[in-house]
Amino acid sequence: MSQRHPVAAARTVPEGRFGHAPEAGGSTSACKVLWALLTGALVLALVTPGAGFAQEERTSADAITSPAPPQAAPIGPPAPDGPNQHLNWETGAGRSYVIPAVELIGYLLLLNQFDRHFVEPKDVYRTSTKSSWKNLTDSKWVVDTDPFATNQFLHPYGGSIYHGIARSTGLNFWESFGYAAAGSVLWEFGGETGAPSINDQITTPIAGSFLGEPLFRMASLLLESDGGRPGFWQELGAAILSPPTGFNRLVFGNRFDAVFPSHAPAISTRFQLGTSVNTVMRGQGLVSRFKENEATADFQLAYGLPGKPGYSYTRPFDYFSFQATASTANTFENIITRGLLVGAPYGIGDSYRGVWGLYGTYDYIAPQIFRVSSTALSLGSTAQWWLSHSVALQGTALGGVGYGAAGTIHGSGERDYHYGATPQGLLELRLILGDRAMLNMTVHEYYVSGMGSTEKRGSENIARGAASFTLRLYEHHAIALKYVASTRDAHYPDLPDRHQTVGTATIAYTYLGSTGFGAVEWR
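The following paragraphs examine the structure supplied in this document. Small disclaimer: the values here were computed from a predicted structure and weren't measured.

1. Regarding the overall build of the protein
Scanning the protein for helices and strands turns up ten helices and twelve strands. Buried residues in the protein amount to 57% of all 523 residues. Working note: accessible area of the protein is about 20900 Å², and carbon and sulfur atoms make up 65% of it.

2. Considering unusual backbone geometry
Glycine aside, a negative phi is what most residues show, and trans is what most peptide bonds show. The omega torsion of the bond from E120 to P121 falls at -10°, within 30 degrees of zero and hence cis. Positionally, P121 belongs in the loop between α3 (98-118) and α4 (129-137). Here H263, not a glycine, exhibits a phi torsion of approximately 65°, which is positive. Relative to the helices and strands, H263 resides in the loop between α10 (243-251) and β1 (267-282).

3. What to know about the sheet that holds strand β3 (residues 320-327)
What the twelve strands build is a closed barrel, ordered β1-β2-β3-β4-β5-β6-β7-β8-β9-β10-β11-β12; its pairing is antiparallel. Strand-to-strand twist in this sheet, taken as the mean axis angle between neighbours without regard to direction, amounts to 20°. For β3 and strand β4 (residues 331-348), the ladder comprises eight bridges, and the chain directions are antiparallel. Residue F320 lies in a different strand from β4, and its bridge partner there is G339. Where helix α8 (residues 205-223) meets the sheet, it contacts β1, β2 (293-303), β3, β4, β5 (352-365) and β6 (370-386), and its direction lies at approximately 95° from that of β3.

4. Thoughts on the environment of G208
Relative to the assigned elements, G208 resides in helix α8. Of the residues examined, G208 reaches a relative accessible area of 0% and is grouped as buried. Separated by 167 residues in the primary sequence, G208 and T375 have C-alpha atoms spaced 9.5 Å apart. Discounting residues that sit within four places of it in the chain, G208 has contacts with P156, G159, S160, H163 and T203.

5. Let's talk about the side chain of S268
As for its placement among the helices and strands, S268 is situated in strand β1. When sequence neighbours within four positions are dropped, the list of residues in contact with S268 reads Q300, L301, A302, L305, R430, T515, G516, F517 and G518.

6. Thoughts on the packing of aromatic side chains
Scanning the model with the defined rule gives 24 aromatic pairs in all. Consider the rings of W89 and F216, whose centres lie 6.0 Å apart with planes at 50°: the pair is tilted. Of this pair, W89 sits in the loop between α2 (60-65) and α3 while F216 sits in helix α8, placing them 127 residues apart in sequence. Since its relative accessible area comes to 18%, W89 is described here as buried. One aromatic cluster in this structure is built from F173, W174, F210, Y303, F317 and F320. The residue whose ring lies beneath R523 is W386, and the NZ or CZ to ring-centre distance is 3.8 Å.

7. Some words on the pairing of β3
Of all eight residues in β3, eight are buried; the element is thus mostly enclosed. Neither face of β3 is exposed, since F320, F322, A324 and A326 on one face and S321, Q323, T325 and S327 on the opposite face are all buried. For β2 and β3, the ladder comprises eight bridges, and the chain directions are antiparallel. Along β3, the bridge assignment pairs F299 with A324. As consecutive antiparallel partners, β3 and β4 are separated by three residues.

8. Re the packing of helix α9 (residues 232-241) against α10
Packed helices, taken two at a time, are described by their axes: the angle between them and the distance between them. Where α9 contacts α10, the two axes come as close as 5 Å, and the packing angle between them is 130°. Here α10 runs oblique to α9, going by the angle between their axes. Where α9 approaches α10, its residues E235, A239, I240 and L241 are matched on the opposing element by P243, G246 and R249. Residues of the contact of α9 with α10, tallied by class, amount to four nonpolar, one polar and two charged.

9. Comments concerning the pairing of strand β12 (residues 495-512)
Strand direction decides the pairing type here: β1 and β12, joined by twelve bridges, are antiparallel. Bridged to V277 within β12 is A505. Between strand β11 (residues 477-492) and β12, which pair antiparallel one after the other, the connecting turn spans two residues.

10. Points about the pattern of salt bridges
In total, this model carries 13 salt bridges according to the counting rule given. When the shortest N-O distance is used, the salt bridge between D318 and R315 registers 3.0 Å. Judged on exposure class, the residue D318 and its partner R315 are both buried. Across the pair R338 and E428 runs a salt bridge, and its minimum N-O distance is 2.6 Å. In this pair, R338 is assigned in strand β4 and E428 in strand β8 (residues 418-433), connecting sequence segments 90 residues apart. Using a relative accessible area of 13% as the deciding quantity, one classes E428 as buried. One salt-bridge network, in which partners are shared between bridges, spans R167, E213, R217, R315 and D318.

11. Observations regarding the nonpolar core
Counting 67 residues, the largest nonpolar core has M218, F322, Y362 and Y364 as the members making the most contacts within it. Counting eleven residues, the second-largest nonpolar core is a separate cluster that includes I365, F370, I462 and V502.

12. Quick word on the environment of R472
Tracing the chain through its elements places R472 in strand β10 (residues 459-474). With relative accessibility at 17%, the residue R472 sits in the buried group. On a C-alpha basis, the gap between R472 and F517 in space is 9.1 Å, while along the polypeptide they are 45 residues apart. In this view, R472 contacts D435, R436, H477, A478, L512 and F517; residues no more than four positions away in its chain are not counted. Only 2.6 Å separates the side chain of R472 from the backbone oxygen of D435, close enough to count as a polar contact.

Rules and cut-offs
Residues numbered from 1 in each chain as written. Predicted model: local features only at pLDDT ≥ 70, side-chain atom pairs only at ≥ 80, totals over all residues. Heavy atoms only, no water. Helix = DSSP H or I, 4+ residues; strand = E, 2+ residues; numbered from the N terminus. Buried < 20%, exposed > 50% of the residue type's maximum accessible area, 1.4 Å probe, protein only. Areas by Shrake-Rupley, 256 points an atom, 1.4 Å probe, with all protein chains shown as cover. Pairing = 2+ DSSP bridges. Axes fitted to C-alpha atoms, helices over the stretch in contact; angles between N-to-C directions. Contact = heavy atoms within 4.5 Å. Phe/Tyr/Trp six-rings, centres within 6.5 Å; stacked < 30°, edge-to-face > 60°. Lys NZ or Arg CZ within 6 Å of the ring centre and 35° of its normal. Parallel < 35°, antiparallel > 145°, perpendicular 65-115°, else oblique. Nonpolar A, V, L, I, M, F, W, Y, C, P; charged D, E, K, R; others polar. Salt bridge = Lys/Arg side-chain N within 4 Å of Asp/Glu carboxyl O. Core = buried A, V, L, I, M, F, W, Y, C linked by side-chain atoms within 4.5 Å. Polar contact = N/O pair within 3.5 Å; in protein donor to acceptor, adjacent residues only side chain to side chain.

Pasting the structure below:
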């Protein structure tokens, strides 16, 4: 993999999806397809009758003691006879370590074959035992120069597939993370002829697991039916959200038909379709293709909100938040996930409940003129406070450090993006006014330093703030007004300082899940 030139007007290096192809072609097209599929699956999850996202919450006892639904005839080869050949998530019986290992190797071989025949430059993927041995013994690990969308979105999504392969065969989060790490290393040694990449070992297994676990949980939630077998649309939506889950449920018949138990978390979901106007656009090096008007689609889910009696946080991502926003201006605006890796609930008096601990986060934010992405570990808390009988304040505060990338988009005389250790913070507050309205405020900040970078000579500070007001009109239907402001300050000794700002106002139709605005009642 070639090294990045310190100053570049635009990327001309032909780089690829999991390796090397022009960003304007392969990676952008792949991103559009993935976002179309994910958006469709999330909408399906929210509105399909009988889907887990749209149902009233069940009690924890119901989730564990409900009788097993009648089994329909499986598709695919039957599972071998034996008491341990049917997956049981509670005991671990029926899980497999061999099947995901075989599937992972098979997936990597198929991916390599596809790339060497259809992705340019094909020579990058024409690996052999000689090139693999060289990568294993002689090559120096490098920070690669692949396009931003390839490294910061497609690599995490690829890692989510590795993670999902193991997760859908009954393995836990940490075991699945191990498979994702192994898959990433195998690809670096045998999937490409170039030198192994250091940064890919962060974005593929770590960010991939931080993204893959919410996708797996949402797919499982969609499959959790109330006393019956999941229907066709639920199976399809789950397969789109987590392809390995759909594959293993199809191929192995009833071997892996058991649905991962959610233990009935408190959930808040909403889907928005809106139109946006970019009201502020300031700064040097702005893109010439900047679009003032755009249509947007946004999906948000909070899973395991604190305060529900009987719910515990014993598994990684028993609490998580997921947000994805697609845009006609730049395909996708953001994907933001955070999940509690290890932590504990707490309470103060009768009106305050929370959970605190170590969170894993993966953020990808690209508001047309610049972009930032980070994979991080953060300490913090998520909580809810009943201010009165019907008014509740929910919030999350996190602070931590990760490895991030940031830069301008198609700026004249600018670098593509810059890597570095990234201290970061998050503050989110949500004021819920009964079942009628909600005020929401979110602030993200990232400082992409020169530490851990191949170019230790500059830094970027990026902040993003959002404020919105949502008014429920009738049942699940609401309207929202939202304003998002994003700023970038970049400082490099051989380039003029850059200060870029973009502000976007949005009006959106909002469809609320069955829990409305998501206030949790325990009083």
